[in-house]
Each structure stands twice: as structure tokens, then as C-alpha cells.
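Structural overview
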Amino acid sequence: MTAGLAAAATATSTGEAVQFWILGTVAVIGALSTVLMKKAVHSALSLAGTMIVLAVFYLANGAYFLGIVQVVVYTGAIMMLFLFVVMLVGVTAADSLKETLKGQRWLAAACGLGFGILLIAGIGQASLQSFNGLGAANAQHGGNVEGLANLIFTKYVFAFEITGALLITATVGAMLLTHRERTEAPKTQRELSQERVRSSHLPPLPAPGVYARHNAVDIAGLLPDGTPSELTVMQTLRQRGQIRDVSGDSLAELKALEQRSGERLGRDRGPARDHAEEEEEVAK
């Protein structure tokens, strides 16, 4: 019976084989898509999918802690951070055509070829007949997490502490490099309020479209004399030439309204109507 359990522990079942070939194919396709996709967002998503497949492999092999870390830290934190940065910055395929360092493409091709040779050599030396697995290692200390903690804080404690020190040094160095020294003292609340009072426009600016047909952002507000106000439309739209001037239309509608009102009330040509026509002539 002991021999049967040992043989079962070192043999691959049908379910494990199906899982390996399906997820392995997905992982390889995701890795190739990471390199071959034209859009950086699609490459980041492909790499995230490959990392999730690797996490499933870790969980299937008994490395539960490493599988959870793969999902939470690498896929959930680092890759999503990369994805959000790429989406915010807006990296396009045209950016990859700009070679900032001379010869970097040839150097990258040489490094990729060397890594491929090492990978093929390592796979060729691997034994596919039997494997040990993590069952004995996990059972030795009561579980995967306990066994990993025993190795980190006993055998590899020095390397673990050195790695932590390097990460802290890198974090502090990044903060120092991105820190901006102040060239002047920060302004107090009183100074900021005094600057606002000294400005030419103490009250808020009039909204776009005031006294016009509607309050769209590309329609200037009208002054009491019917002329458009330049302060009601932002300078960006003004420089782009995207402002619609409706002052003449508004005056024409006002004239028609007064005319209809006069006809209904049976009034003659009054001073208000004359004034509207004069404003229309001035606007033209």
C-alpha cells in the first residue's frame, strides 16, 4: 500500500494532465500576446492573464502561499498599477518606434536569444519520469505557509533581510529623487485670500449663455445691450474658434416676439420695438 501511495504521489493523473495542457496553452498565448500586441493596454492585460494562470499552477502543486501572493501582489497590485498608468499616460504603438538608446533592439534580441537557449537547456535536463512534489515538504512543518516561514526565518533569513533592506533603500531613493525643494515659503490662508481680493474679478464670472437662447458652454452670454460677453466663454474654445454667436438670433427672436405681442394687443409701433430694431442694427 505504501508503494501504491508513493507511485500515486509521483505520477500525473488525467485531470492534472488536462489542466496542464489547457492552462499551459493559455499561458503561452498570453505571453506571446504580451510581446506581439500593438497596444500597451492589451499587452498588460495579456500579462495579467498569464500571471493568473501561473497562480493556478502554484495552487495545483500545493504552493498555496505563493499562489495567493501571485494573485494578490503581482496580478492584483503591480499589474493593475501598470495598467492604470498606461491608460492614464496614453502610450501608443508609435512610442515603441522611437529608439531612445542606440542598439537597444539588437541587445534585447541577443538577451532574448540567450535566455531562450538557457531555458531550452534547463528543460532538456529536467526529468519527466518522476517528481517529488511539495507533499512531503508541506507535511514536514504542518503546511505550506509554515514550511515557507521556517525556511525564510532560518535558512534564508540573511538573504531575506538583505532583500528587505534593498527594497527600503530603493523606496527612500525614489522619494529623494522625486522630491521637489521649495524655492519660497508656502503662502498662508490670509495671503491667498488677499490675492483673491486683489484680482480684477472678485465675484464669480457670469455663466455661459446668460440672456442667450440656452446655457451651452460654447455660447457667449449677452450683455444688456445685446453684445456677447467675452468673459463668459473659456479661452480654449475661443482660440479654437468653437464659439457660436447667437446675439443676432436672440435679437431677431425678441423682435418677432414683440411684433406678435403688438399684433395681438392691437398696438402700434411702440418705443420698445424701435429700440429692439436699433439694437439689431448695432449688433449687425
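The chain goes by NADH-quinone oxidoreductase subunit J in an unreviewed UniProt entry, where it is assigned to Streptomyces glycanivorans. The chain has a UniProt comment under Function (unreviewed entry) that states "NDH-1 shuttles electrons from NADH, via FMN and iron-sulfur (Fe-S) centers, to quinones in the respiratory chain. Couples the redox reaction to proton translocation (for every two electrons transferred, four hydrogen ions are translocated across the cytoplasmic membrane), and thus conserves the redox energy in a proton gradient." The heading Catalytic activity (unreviewed entry) in the UniProt record of the chain holds the text "a quinone + NADH + 5 H(+)(in) = a quinol + NAD(+) + 4 H(+)(out)".

Examining the packing of aromatic side chains
Following the criterion strictly, the structure yields three aromatic pairs and no others. An angle of 75 degrees between the planes, with centres 5.3 Å apart, marks the rings of F20 and W21 as edge-to-face. Of the residues examined, F20 reaches a relative accessible area of 47% and is grouped as partly exposed. On the basis of relative accessible area, W21 is assigned to the exposed category, the value being 59%. The interplanar angle of 45 degrees and the centroid separation of 6.0 Å between the aromatic rings of F20 and F57 together place this pair among those described as tilted. Here F57 lies in helix α3 (residues 40–60) and F20 lies in helix α2 (residues 14–36), a separation of 37 residues in the sequence. Pairwise contacts between aromatic rings join F20, W21 and F57 into one cluster.

Details of the UniProt feature "transmembrane region" (unreviewed entry) in the chain
With numbering matched to this structure, UniProt assigns "transmembrane region" (unreviewed entry) to residues 20–37, 44–66, 72–94, 106–128 and 156–177. Strand forms 0% of residues 44–66 and helix 87%; the C-alpha atoms that close the span are 21 Å apart.

What to know about the packing of α2 against α3
Viewed as axis vectors pointing N to C, α2 and α3 meet at an angle of 155 degrees, and their least axial separation amounts to 8 Å. Considering the angle they form, α2 stands roughly antiparallel to α3. Considering the relative orientation of α2 and α3, their crossing is left-handed. In this structure, α2 uses Q19, F20, L23, G24, V26, A27, G30, A31, S33 and T34 to contact α3, whose residues at the interface are S43, S46, L47, T50, V53, V56, F57 and A60. Looking at the contact of α2 with α3 residue by residue, the classes come out as ten nonpolar, eight polar and no charged.

Comments concerning the pattern of salt bridges
Summed over the entire model, instances satisfying the criterion amount to one salt bridge. The partner of E195 in a salt bridge is K187, with the nearest N and O atoms 2.6 Å apart.

Topic: the side chain of T75
Mapped onto the fold, T75 is located in helix α4 (residues 64–89). Judged by relative accessible area, T75 falls into the buried class, the value being 8%. Leaving out residues up to four positions away in the same chain, T75 has contacts with A48, M51, I52, Q70 and M80.

A closer look at the nonpolar core
Counting residues in each nonpolar core, the largest one holds five residues, listed as A44, A48, M51, M79 and L83. Contributing elements (two or more residues each) for this core: α3 and α4. Per-element tally for this core: the top contributor is α3, with three residues. With residues near it in sequence (within four places) discarded, M79 still touches A44, L47, A48, M51 and Y74.

Observations regarding the environment of L54
With respect to the secondary-structure elements, L54 resides in helix α3. Classification of L54 as partly exposed rests on a relative accessible area of 33%. Residues L54 and L66 lie twelve residues apart in sequence; the distance between their C-alpha atoms is 9.9 Å.

Definitions and cut-offs
Residues numbered from 1 in each chain as written. Predicted model: local features only at pLDDT ≥ 70, side-chain atom pairs only at ≥ 80, totals over all residues. Heavy atoms only, no water. UniProt positions renumbered as here; feature names shortened; annotations may be inferred. Phe/Tyr/Trp six-rings, centres within 6.5 Å; stacked < 30°, edge-to-face > 60°. Buried < 20%, exposed > 50% of the residue type's maximum accessible area, 1.4 Å probe, protein only. Helix = DSSP H or I, 4+ residues; strand = E, 2+ residues; numbered from the N terminus. Axes fitted to C-alpha atoms, helices over the stretch in contact; angles between N-to-C directions. Parallel < 35°, antiparallel > 145°, perpendicular 65-115°, else oblique. Left-handed = near helix turned anticlockwise from the far one by under 90°. Contact = heavy atoms within 4.5 Å. Nonpolar A, V, L, I, M, F, W, Y, C, P; charged D, E, K, R; others polar. Salt bridge = Lys/Arg side-chain N within 4 Å of Asp/Glu carboxyl O. Core = buried A, V, L, I, M, F, W, Y, C linked by side-chain atoms within 4.5 Å.

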